[in-house]
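# What the coordinates show
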Amino acid sequence: MRISLSKGTWDESTADIVAIAVGSGKTRLGRALSRIEAVTGKGSIKPLASDERFEGKRSQTLKVAAVGKAKARWLLLVGIGEEKDAEKIAWKLGRAVAAVARAQKSAAIELPEVTPESVRAVSQGLVSGNYHYTEYKTDKSESPALTSAVLLDAPKDTRGLTSAIRTGKAVAESVNFARDLVNAPPNDLTPLTLARAATRESKKLGLSCRIFNKARIEKEGMNLLLAVNKGSAIEPRVIHVIYKPARPKKKVVFVGKGLTFDSGGLCIKPGPSMITMKCDMAGSATTLGIVFAAARLKLPIEVHAVVGSTENMTGAKAYRPGDIYKSLEGKTVEVINTDAEGRLVLADVLTWAARKLKPDLMIDHATLTGACMVALGPYRAALYTDDDALASAYLDAAGTEGEAFWRMPLDSELRSMLKSPIADLKHIGGRYGGSITAALFLKEFTEETTWMHLDIAGPAFLERAHRRMPKGGTGFGVATGVRFLEGLQ
Ligand code: BES
Ligand code: MN
Ligand code: ZN
């Protein structure tokens, strides 16, 4: 999408559709509508607004033909309620335009305040709101129509603003990249093609991308990842993307769970739970999205993405409950339930990344547990770390990006639930605290590296659209990860 700045005002715009924010409450609403009618003509908006019960409330929009002296084809009144935060209003405007634009190709947006932050937000909202997954539709008429947007009332000096457009677009494109990967069906998106997608995007951005095949993974000693792979007819992959700027301030490694399909293995999932399990590589999509965004934005941080990718299947060689494997870290692990495969894959990848990359900080994203959704609902991710400053910086970044996280305890009291009578550890706890014991299991493999675990099982994939998230793959976590990296000193 082309997004540009214009000094023009909304009444002069010849775009297909012009978006204007309208607040709620009698005086705010009345004033806003009068201002529009001064251009479109008395009685052209107010009766319609009242008929349609458009009161400028948060979730309301009203699309009307632009008449009178207005030069556009349509006007879109976007309700913002009592909202005063310029950035949030900007997001809303961008999203609203993208949502209603069907035949409209060009849009113009009147931001209440034209600041770098609001320009970034509206750009991000436009590009991520314009997302539709039509890859497998023969009829592409649902494809996004909007190809250009003009931000009105721009000041003379636009330097900070054009770079804000670039930032907003780069973040949203990385979010959309992650969504595409998650939405791709599991017969086409396998560990092999996931690796290819990462290689292709890395090439585009001039990043180095290393792929480990099965032989190499064996050589590295990632036996837990290999155990999960045993039941699959497709080889596993470890994908390592590196973005390294000239004088990096910090080295951050993102680790992602890349289960391109999780059948549960021999402890097979019932059909209804399996249907969405192509989403089990969402952590890897988020991880890749973050490193690619960091590169697009040329952030002064060295960022690595390390993804462990395999299917979890039921083939004749499948790993079994009762099996014991020696992790890369050295601890032996007794397998209890083959459906708790994600933590096994992550354990080896975390150890590998900690030892080989020695980062200042390691953050994993994973659709790890159903228990996390039981605890926090479908829209919120769990955040685990022992580092208070890190948790609070991350939650701040999430707040800015409108993504919902909640800090959960790495409760060492529950550690004993992972004791095995026969091996060093078993990989699941009991019935209670399932998201916490999964996090405690991962912690065993982090080699004292500063580490944070994000369980995105809920918000990574949605049955229906919710707030900023579309249905299907959401790209959840990419925007927060990037915002956090921007704030790192
Ligand atoms: N991939 C699932 C977790 C999941 C569930 C993600 C729903 C997204 C939506 C994970 O591998 C899993 O199956 N976890 C088990 C663990 C249990 C066997 C200890 C679960 O949560 O039921
Ligand atoms: Mn599973
Ligand atoms: Zn899984």
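Residues numbered from 1 in each chain as written. Chains lettered and ligands numbered in written order. Predicted model: local features only at pLDDT ≥ 70, side-chain atom pairs only at ≥ 80, totals over all residues. Heavy atoms only, no water.

Attention now moves to the packing of helix α5 (residues 159-183) against helix α15 (residues 478-487). A packed helix pair is summarised by two numbers, namely the angle formed by the two axes and the spacing between the axes. Where α5 contacts α15, the two axes come as close as 9 Å, and the packing angle between them is 140°. Considered as vectors, α5 and α15 are oriented oblique to each other. As α5 runs across α15, the sense of the crossing is right-handed. Seen from α5, the contacting residues are Val 171, Ser 174, Val 175 and Ala 178; seen from α15, they are Val 478, Ala 479 and Val 482. Residue classes in the contact of α5 with α15 are distributed as 6 nonpolar, 1 polar and no charged. (Axes fitted to C-alpha atoms, helices over the stretch in contact; angles between N-to-C directions. Helix = DSSP H or I, 4+ residues; strand = E, 2+ residues; numbered from the N terminus. Parallel < 35°, antiparallel > 145°, perpendicular 65-115°, else oblique. Left-handed = near helix turned anticlockwise from the far one by under 90°. Contact = heavy atoms within 4.5 Å. Nonpolar A, V, L, I, M, F, W, Y, C, P; charged D, E, K, R; others polar.)

As a further point, take the pairing of strand β4 (residues 74-81). Burial within β4 is extensive, with 7 of its 8 residues counted as buried. Pairing analysis gives 7 bridges linking strand β2 (residues 17-23) to β4, with the strands arranged parallel. Its bridge partner being in β4, Val 18 is matched across the sheet by Leu 75. (Buried < 20%, exposed > 50% of the residue type's maximum accessible area, 1.4 Å probe, protein only. Pairing = 2+ DSSP bridges.)

This paragraph deals with the coordination of the manganese ion (ligand 2). Of the protein atoms, only Asp 262 (OD), Asp 339 (O), Asp 339 (OD) and Glu 341 (OE) coordinate the manganese ion (ligand 2), at distances of 2.1 to 2.2 Å. Taken together, the 6 donor atoms coordinating the manganese ion (ligand 2) and their angles of 72 to 168° define a geometry best described as irregular. In primary-sequence terms, the residues that donate to the manganese ion (ligand 2) follow D-x76-D-x1-E. Metal-to-metal, the separation of the manganese ion (ligand 2) and the zinc ion (ligand 3) is 3.1 Å; Asp 262 coordinates the two. Separated by 77 residues along the polypeptide, Asp 262 in strand β9 (residues 251-262) and Asp 339 in the loop between β12 (332-334) and α11 (342-357) bring together distant segments of the chain. (Donors = N, O, S within 2.8 Å, 3.2 Å for Na, K, Ca; no water. Tetrahedral: all angles 85-135°; square planar, octahedral: opposite > 155°, others 65-115°.)

To continue, consider helix α1 (residues 26-40). Taking 1.5 Å per residue as the helical rise, α1 with its 15 residues ought to reach 21 Å, and the 20 Å between its terminal C-alpha atoms agrees with that figure. Within the sequence span of α1, burial applies to Leu 29, Ala 32, Leu 33, Ile 36, Glu 37, Val 39 and Thr 40. Axial view of α1: buried residues confined to an arc of 155°, hence all on one face. Along α1, the residues that are exposed and aim more than 90 degrees away from the buried face are Lys 26, Thr 27, Arg 31 and Ala 38. On the buried face of α1, the contacting elements are β2, α2 (46-51) and β4. In the stretch just after α1, Gly 41 is the one whose phi turns positive, near 105°. (Expected span 1.5 Å × (residues − 1). Arc of directions from axis to C-beta.)

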